[in-house]
Amino acid sequence: SQTIHQWPATLVQPVGSPLSLECTVEGTSNPNLYWYRQAAGRGLQLLFYSVGIGQISSEVPQNLSASRPQDRQFILSSKKLLLSDSGFYLCAWKPRRVSETQYFGPGTRLLVL
Amino acid sequence: KNEVEQSPQNLTAQEGEFITINCSYSVGISALHWLQQHPGGGIVSLFMLSSGKKKHGRLIATINIQEKHSSLHITASHPRDSAVYICAVPDYSGGGADGLTFGKGTHLIIQP
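Calculation criteria
- Residues numbered from 1 in each chain as written.
- Chains lettered and ligands numbered in written order.
- Predicted model: local features only at pLDDT ≥ 70, side-chain atom pairs only at ≥ 80, totals over all residues.
- Heavy atoms only, no water.
- Helix = DSSP H or I, 4+ residues; strand = E, 2+ residues; numbered from the N terminus.
- Rg over C-alpha atoms; globule rule 2.2 N^0.38 Å.
- Buried < 20%, exposed > 50% of the residue type's maximum accessible area, 1.4 Å probe, protein only.
- Contact = heavy atoms within 4.5 Å.
- Salt bridge = Lys/Arg side-chain N within 4 Å of Asp/Glu carboxyl O.
- Pairing = 2+ DSSP bridges.
- Axes fitted to C-alpha atoms, helices over the stretch in contact; angles between N-to-C directions.

### Considering the overall build of chain A
Counting its secondary structure elements, chain A contains zero helices and 11 strands. Element order for chain A, N to C, with α for helix and β for strand: β-β-β-β-β-β-β-β-β-β-β. Since a compact globule built from 113 residues should have a radius of gyration of about 13 Å, the 13 Å found for chain A is in line with a globular shape. When its C-alpha atoms are laid out on the principal axes, chain A stretches across 40 × 25 × 20 Å. When the 113 residues of chain A are sorted by exposure, 49% land in the buried category. The long-range fraction of contacts in chain A, counting pairs at least 24 apart against all pairs at least 6 apart in sequence, stands at 54%.

Shown next as structure tokens:
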């Protein structure tokens, strides 16, 4: 069966520090991968998606970037964190050939101080 | 881009009550998700439905594709049902990768 992992589960970082959040999927190949963010008091928002290795699309301009170095690995990064980057970050995947079925990771709670 | 509206935003009810949460969207879709988010933050997919009705335990989800509307019902509600319930639809503007657009969620509290 397929599983999705995210780490770390929680993270407290100072403003201006770098960020790296990792997401990995097991038990499937060629998935579409997604990063979502939930800021405090707001709904979930799509940040990035990827349909293959090295292919990243951004939905909103921001202080973050994403990379997909391997088929089942999706990384969210920042060179310098802002206070506004605080939030709950969710990774999700879906099978490439099946539309509109997404599976969510456990999430990473990021607090920037 | 699809716009998703959920109501109510907050709902407090007594244990045993029948709960209804509504979701409307602006652009026609072929399927809709209902998600549950517990206080710890983790999200669980409850339903993905494209027509009619689905039932899982005490949870029932219905969708009317023509009216662009879905409802989530909880029968015999229990305090453990307390969570945020989120409606989500595909975002077809995403170049075919079908990221989701989410409603703002309904914060449900069931009191004993």
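### Topic: the pattern of salt bridges
Where charged atoms from two side chains of opposite charge approach closely, those side chains can pair. Residues and elements named next belong to chain A. Overall, the coordinates contain three salt bridges over all chains when judged by the stated rule. Here arginine 37 ties to aspartate 85 by a salt bridge, and the two come within 3.7 Å at their closest N and O atoms. One end of the pair, arginine 37, is in strand E4 (residues 32-38); the other, aspartate 85, is in the loop between strand E8 (73-78) and strand E9 (87-94), and 48 residues separate them in sequence. Assigned by exposure class, arginine 37 and aspartate 85 land together as buried. Note that arginine 68 is salt-bridged to aspartate 71, the shortest N-O span being 3.2 Å. Taken as a pair, arginine 68 and aspartate 71 share a single burial class, namely buried.

### Observations regarding the sheet that holds strand E8 (residues 69-74) of chain B
All names here are of chain B. Pairing in this open sheet of five strands is antiparallel, and the strands run E1-E3-E8-E7-E6 from one edge to the other. Of all the strands in the sheet, the pair left with one neighbour each is strand E1 (4-7) and strand E6 (52-56). Each neighbouring strand pair of the sheet contributes to a mean axis angle of 15°, computed without reference to strand direction. With four bridges connecting them, E1 and strand E3 (residues 19-25) associate as antiparallel partners. Along E3, the bridge assignment pairs glutamate 5 with serine 24.

### What to know about the pairing of strand E10 (residues 99-102) of chain B
All names here are of chain B. The alternating pattern of E10 places Gly99 and Thr101 on one face and Leu100 and Phe102 on the opposite face, and all of these are buried. Note: strand E9 (residues 83-91) against E10, four bridges, orientation antiparallel. From the neighbouring strand, valine 89 faces E10, where its bridge partner is threonine 101.

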